[in-house]
Amino acid sequence: MASYCVTVTRLRLALGTGARRFHVAAVFSARAGAAMSRFEPGSSIGYGKMHENIGVVRRRRGRPLTLSEKNVYGHLDDPSGQEIDRGRTYLRLRPDRVALQDATAQMAMLQFISSGLPKVAVPSTIHCDHLIEAQIGGAQDLQRAKEVNQEVYNFLATSAAKYGVGFWKPGSGIIHQIILENYAYPGVMLIGTDSHTPNGGCLGGICIGVGGADAVDVMAGIPWELKCPKVIGVRLTGTLSGWTSPKDVILKVAGILTVKGGTGAIVEYHGPGVDSISCTGMATICNMGAEIGATTLVFPYNHRMKTYLQKTGRREIASAADEFRDDLVPDEGCEYDQVIEINLSELKPHINGPFTPDLAHPVSEIGAVAKKSGWPLEVKVGLIGSCTNSSYEDMGRAASLAKQALHKGLKCKAQFTVTPGSEQIRATIERDGYAKILSDVGGVILANACGPCIGQWDRRDVKRGEKNTIVTSFNRNFTARNDANPATHAFVTSPEIVTALALAGTLSFNPETNYLTSPSGEKFKLEPPTGDELPSRDFDPGQDTYQHPPAESASVRVDVSPSSTRLQLLEPFDKWNGSDLEDMRVLIKVQGKCTTDHISAAGPWLKFHGHLDNISNNMLIGAINMENDAVNRVKNQLTGGYGGVPDVARFYKANGVNWVVVGDENYGEGSSREHAALEPRHLGGRAIIVKSFARIHETNLKKQGLLPLTFSNPDDYDRQNPPGRQDFNHRPQVLRSREALTAVIKHCDGSQESVSLSHTFNETQIEWFKAGSALNRMKELQ
């Protein structure tokens, strides 16, 4: 294998100028008053302004518009002057809301504090859902989380109160379910610091996952930048029935588009089949937009959404949506960049995995595929719930299967867990008997939180390294994602299929054709699942877990102890000094899939999400090093020895040596967590050079002052790994919008070769780089 003695002697950056200036204070003062009145659910909606903007753009474009275009262009800062070219130009938008989950909110609020602004300029909320570890059961786990995370919860509660942000306390539920129940509505543009924010597209809104720095821009009242998305249409015909569920729609689409097929695009569902899917079923489909790399997913406004709005106390919003319905559906004759056709009547139940959410299999075939592939057939644990599948309908359909099994005296052969999506769902399924049925069949009701879906699971039934299979109704199944065990084979499917497989205890069970055996020896077949879309009575809201920001917050104190291991105030990153970047090393050449979980793992590391230096100790420790096929073992080119990736990076930084990372396709897919960009910047990284990026991660890198670059010819990735020693010369001659750069690789034998590197910086983003970060640039403009 090659060893690396990589040096970048010069990285020449001639930066363009002329980025448009924004006077943050003026923008803030102009918008703050209106924003403060819109924190509560059910408040007024700007349909009139959106309608006006759509009219301006329609006249300019002279053609029918997709629903995605209507919603996005309806939020343009300057609809008359904005250059619009799908897939090329950057749009300047005015989102309606911001939502932050507690793991990413820490860094977002630390950045907002650094901005020096007194209040947020748009309605914003924080949701405590990521820091609750599943161990025993809901009540006990929640209480433990409150004790363990008291310092962080106090910081989030007080900073929310100080800066005008709503605060949903631990136990309230998962961010996306809370947004669905309270804040999403047809036509909304909402950004959230979680990759599964597209969940809200089930109510006809454009809900987009972003990093914390993007959220800070919007909270500060600055127009938000988004590359004008392409639009992929998914035309649905037929009707869902039997064992087929909304989850199977997105599992099928993931198999078609793969984890990167939606990159740079909004996926817009349409067609007569849409009306056969419940509003919360649409949420399941939209939720997994992150798993296909899409900017977001959206459904057109229909009676299912109206009924859900009415059932969740938002009749006025439903009435307003009815009035502006033409703006909330696609125009007849609109054009999509790509169209996928799915007949729901022919769609079969699916299960995807292991190790990637786009490896799609019909349930009827998974047993044979698993046996041939050497995947463990025994299902150790079945897990239902999470933000993807924890609606009242989901729980009801799972309970209908559990009830059939109990009637025959049968309980789950596998361990079985149930995660309610919100306090409202928990209270309602408890009132209506679903929780008892699921418990009686062997289920453990966990806290209203993310839990095992994001690796917050104190799993003890298998040892690390022991091959095993779990099936979940979650959205993501990357290696070691759920339980930190790289040998766990995780499959994602619908709650109904998870329940059936947990009862059978094996992947080879097909509930459409196979029989279960009761304790008495009776063979029986499960009837297809059934469940009410919404409760016949109103939802039970459960405990009140919301803290509204006070009208007067001058006396609110936000403390961050200098000795804290959980929280750390931010220091500005260094500005570009105008000189060429020199003497850079390749820290690691990453082989294969490199998600944000590989770059900055979640699970137990979530405790450090508010402390940049401590969380940086997990940088790239899950990535595979091309040099030796090992994880967290790279060569220190200054000493000749080997060490952990963060340790070598810190050594380079301490010795004034800059470094780069080389990566493969779709680098940074997965979570929106900006720690995967903050950590390389904090430890001295200057550029990330890959075949292609996931959308959110590329933006996060730019926001933190790094250079995300792609090989103009993806095959040049292989040229970075010849045998022997290398000098690695990145010599970008110019960094102006749309101009390619040149990397000169100098080999140890004195020979050189050049490769072309592409980038997507625009003039505004170049100013971020020059200032050292987007936050630095914001402060320059105040």
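Residues numbered from 1 in each chain as written. Predicted model: local features only at pLDDT ≥ 70, side-chain atom pairs only at ≥ 80, totals over all residues. Heavy atoms only, no water.

Novice: What should I look at first to understand the overall build of the chain in this one?
Specialist: Counting its secondary structure elements, the chain contains 24 helices and 32 strands. The C-alpha radius of gyration computed for the chain amounts to 25 Å, which stays within 12% of the reference 28 Å derived for 782 residues, consistent with globular compactness. On the principal axes, the C-alpha backbone points of the chain span a range of 75 × 60 × 55 Å. A burial count over the chain gives 65% of its 782 residues as buried. Considering only intrachain contacts with a sequence separation of at least 6, the fraction spanning at least 24 residues in the chain is 76%. (Helix = DSSP H or I, 4+ residues; strand = E, 2+ residues; numbered from the N terminus. Rg over C-alpha atoms; globule rule 2.2 N^0.38 Å. Buried < 20%, exposed > 50% of the residue type's maximum accessible area, 1.4 Å probe, protein only. Contact = heavy atoms within 4.5 Å.)

Novice: What's the story with helix α4 (residues 102–115) in this structure? I'm lost.
Specialist: Residues that lie three or four places apart on an α-helix share one face, since the helix turns once every 3.6 residues. Look at α4: 20 Å from first C-alpha to last across 14 residues, which is about the 20 Å you get at 1.5 Å a residue. Most of α4 is tucked away: 13 of the 14 residues are buried. Positive phi appears at Gly116, one or two residues downstream of α4, with a value of about 85°. (Expected span 1.5 Å × (residues − 1).)

Novice: Is there a simple way to explain the pairing of strand β28 (residues 685–690) in this structure?
Specialist: Where a strand is regular, its side chains alternate between the two sheet faces. Burial within β28 is extensive, with six of its six residues counted as buried. Across four bridges, β28 lies against strand β29 (residues 707–711) in parallel orientation. Directly across from Val690, in β29, lies its bridge partner Thr710. (Pairing = 2+ DSSP bridges.)

Novice: Would you mind showing me how to read the nonpolar core here?
Specialist: A general tendency of soluble globular proteins is for nonpolar side chains to be buried together. Core analysis: the biggest nonpolar cluster contains 169 residues, and Leu236 and Tyr269 have the highest contact counts within it. One finds Ile588, Met619, Val657 and Ala677 within the second-largest nonpolar core, a separate group that totals 25 residues. (Core = buried A, V, L, I, M, F, W, Y, C linked by side-chain atoms within 4.5 Å.)

Novice: What is the right way to look at the pattern of salt bridges in this model?
Specialist: Oppositely charged side chains can pair when the atoms bearing their charge come close. A full pass over the atoms with the stated rule returns 43 salt bridges. Here Asp432 and Arg537 are joined by a salt bridge, their closest N and O atoms 3.3 Å apart. Taken together, the residues span a long stretch of sequence, with Asp432 in the loop between α15 (423–431) and α16 (434–440) and Arg537 in the loop between β20 (523–524) and β21 (546–547) at a distance of 105 residues. The exposure class of Asp432 is partly exposed, given its relative accessible area of 24%. For Arg681, the salt bridge is made with Asp574, and the minimal N-O distance between the two is 3.0 Å. In this pair, Arg681 is assigned in helix α21 (residues 675–682) and Asp574 in the loop between β21 and β22 (585–589), connecting sequence segments 107 residues apart. Under the relative-accessibility criterion, Asp574 is labelled partly exposed at 40%. Among the charged side chains, a salt-bridge network with shared partners connects Lys575, Glu767, Lys770, Arg777 and Glu780. (Salt bridge = Lys/Arg side-chain N within 4 Å of Asp/Glu carboxyl O.)

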